[in-house]
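Analysis of the macromolecular model
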Amino acid sequence: LGYRGDATAAPALVALAQSGSANRRIAAIQSLVQLRNSSSLPVLAALLKDPEPTVSGAALTGLTGFPGKEADAAVVALLHESDAGVRVKAIEAVRQRRITAAVPALLKAAGDADAGVAGAGFKVLGEFAGVAELPGMVDALCQTKAVPAAESALSAICARQSDATICADPLLPGLAKAQGEPKLALLRVLGTVGGPKALGAVRAAAADSDPSVKETALRALCDWPTVEALA
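Computed from a predicted model, the values in this text were never measured in an experiment. Residue positions within a chain follow its written sequence, with the count starting from 1. Residue-level local features of this predicted model are given only where pLDDT is at least 70; pairs of side-chain atoms are given and counted only at 80 or more, and the full residue set underlies all totals for whole chains, interfaces and linings. Only hydrogens and water are set aside when side-chain values are computed; all heavy atoms of the structure are taken into account.

Section: the overall build of the protein
As a reminder, the rule being used: A run of H or I in DSSP becomes a helix once it reaches four residues, and a run of E becomes a strand once it reaches two; helices and strands are each numbered from the N terminus. Here the globule rule reads 2.2 Å times residues to the power 0.38, and the radius of gyration is calculated from C-alpha atoms. Using a 1.4 Å probe on the protein chains alone, a residue whose accessible area is under 20% of its type maximum counts as buried, one over 50% counts as exposed, and one in between counts as partly exposed. Any two residues whose heavy atoms approach within 4.5 Å are treated as being in contact. Calculation of accessible area relied on Shrake-Rupley with a 1.4 Å probe; when residues are assessed, cover is drawn exclusively from the protein chains displayed. Only four residue types enter the charge count: Lys and Arg as positive, Asp and Glu as negative, with His and the chain ends excluded. A charge is said to be at NZ when it belongs to Lys, at CZ for Arg, at CG for Asp and at CD for Glu.
What the protein contains, in helices and strands, is 14 helices and zero strands. Listed N to C, the secondary structure of the protein is α-α-α-α-α-α-α-α-α-α-α-α-α-α in terms of helices and strands. Against the compact-globule benchmark of 17 Å for 231 residues, the protein has a radius of gyration of 22 Å, which places it well outside the compact range. Expressed along its principal axes, the backbone C-alpha trace of the protein runs to roughly 75 × 30 × 20 Å. The buried share among the 231 residues of the protein stands at 48%. When contacts within the protein are restricted to residue pairs at least 6 apart in sequence, those whose partners lie at least 24 apart make up 59%. With the model as given, the accessible surface of the protein reaches about 11,100 Å², and the carbon-plus-sulfur share is 56%. Between the averaged position of the 22 positive side-chain charges in the protein and that of its 22 negative side-chain charges there is a distance of 4 Å.

Structure below.
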């Protein structure tokens, strides 16, 4: 039925995808994707919540590989689902489909209360986002539990720039309000960015009363990418 490409087969395949043995359901899901009928998109989206992992995995693969803008919109809409597990799967589908238009939704995901969702959001932002998104990402970093993922994403964006020092301006406001691990992460990122503004901020932090802040700043100075820090 899938290879025939006959859209009239979709209702039968939908029924087969929703109940029965896992193998049969997976085969039906794969055939629905082959039909490329957009009416199947809500069914695939709903199957992401299926308790059978192989079935939900097949639905995710199907959504990821489904061609067209309607499929893009269906995947982005899943970023607003109440189920955190579905949001994580949707973020992965956004990454694989390279839906760069989803960056605003990913910024919201990076600020999610669920650490898994936030970490997944930061990971994809590290691939898709640019300097313009850094302020929003810094705001999310100051509130998230997914600090390592946020730090990696910020570092990746800065490393892609032909002149990484331009990242200092959007990063520095966050340093003033960040506390704990987010502050340490920003200091490490500023250490890779370099430039006089970042150097001034890291030097100031090296005199901080908080031992962890002081040590992190000193380590950043020791690893500074240019000779500016020698003195």
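Digging into the pattern of salt bridges
This is how the line gets drawn: We define a salt bridge as a contact between a side-chain nitrogen of Lys or Arg and a carboxyl oxygen of Asp or Glu at a distance within 4 Å.
According to the stated counting rule, one finds eleven salt bridges in the structure shown. Notably, a salt bridge pairs R95 with E92, separated by 2.7 Å at the nearest N-O pair. One end of the pair is R95 and the other is E92, both in helix α6 (residues 84–97) and three residues apart, which spans about a single turn. In this structure E92 comes out as partly exposed when scored by relative accessible area, which is 23%.

Topic: the packing of helix α12 (residues 181–193) against helix α14 (residues 211–222)
Which entries qualify depends on this criterion: Here an angle of 0 to 180 degrees is reported between the N-to-C directions of two axes, which are lines fitted to C-alpha atoms, with helices fitted over the stretch in contact. In these notes the angle categories are as follows: under 35 degrees is roughly parallel, over 145 is roughly antiparallel, 65 to 115 is roughly perpendicular, and the rest is oblique. For a crossing to be left-handed, the near helix must be turned anticlockwise from the far one by less than a right angle; the clockwise case is right-handed. Gly is put with the polar residues, along with every residue not named as nonpolar or charged; the nonpolar set is Ala, Val, Leu, Ile, Met, Phe, Trp, Tyr, Cys and Pro, and the charged set is Asp, Glu, Lys and Arg.
It is at 9 Å that the axes of α12 and α14 come closest, and there the two elements cross at 10°. By the angle between their directions, the pair α12 and α14 is classed as roughly parallel. Where α12 crosses over α14, the handedness of that crossing is right-handed. Touching K183, L184, L187, R188 and G191 of α12 are S212, V213, T216, A217 and A220, all from α14. The residue inventory of the contact of α12 with α14, partitioned by class, reads five nonpolar, three polar and two charged.

Some thoughts on helix α5 (residues 69–77)
Definition in use: Directions are taken from the helix axis to each C-beta atom, and the arc is the one they span.
Of all the residues in α5, the buried ones are A71, D72, A74 and V75. Viewed end-on, α5 has its buried residues packed into an arc of 165°, placing them on one side of the element. Structural note: α5 exposes K69 and E70 on the side pointing more than 90 degrees away from its buried face. Contacts made by the buried residues of α5 are with α3 (41–47), α4 (53–65) and α6.

Description of the nonpolar core
Where we set the bar: By convention a nonpolar core is built from buried Ala, Val, Leu, Ile, Met, Phe, Trp, Tyr and Cys residues, the set being connected through side-chain atoms within 4.5 Å.
The biggest cluster of nonpolar side chains holds 81 residues, and the ones touching the most others in it are I91, V94, M137, L154, L171, L186 and V202. In terms of residue count, α12 provides more of this core than any other element does, seven residues in total. Excluding residues that lie within four positions of it along the chain, V94 makes contacts with V75, L79, I99, A102, L106 and F128.

Section: the environment of G194
Looking at the element boundaries, G194 is found in the loop between α12 and α13 (196–205). Sequence separation between G194 and L35 is 159 residues; the distance between their C-alpha atoms is 52 Å. Once you skip the residues sitting within four places of it in the chain, G194 turns out to touch T165, W224 and P225.

Observations concerning the packing of α13 against α14
One can describe the packing of α13 onto α14 by two numbers: an axis separation of 8 Å at closest approach and a directional angle of 140°. As the angle between them shows, α13 and α14 are arranged oblique. Considering only the axes of α13 and α14, their crossing is left-handed. From α13, L199, V202, R203 and A205 reach across to α14, where they touch V213, K214, A217, A220 and L221. Tallied by class, residues from the contact of α13 with α14 come to seven nonpolar, no polar and two charged.

So, the environment of N23
Relative to the helices and strands, N23 is located in helix α2 (residues 22–35). Take N23: its relative accessible area is 65%, and that puts it in the exposed class.

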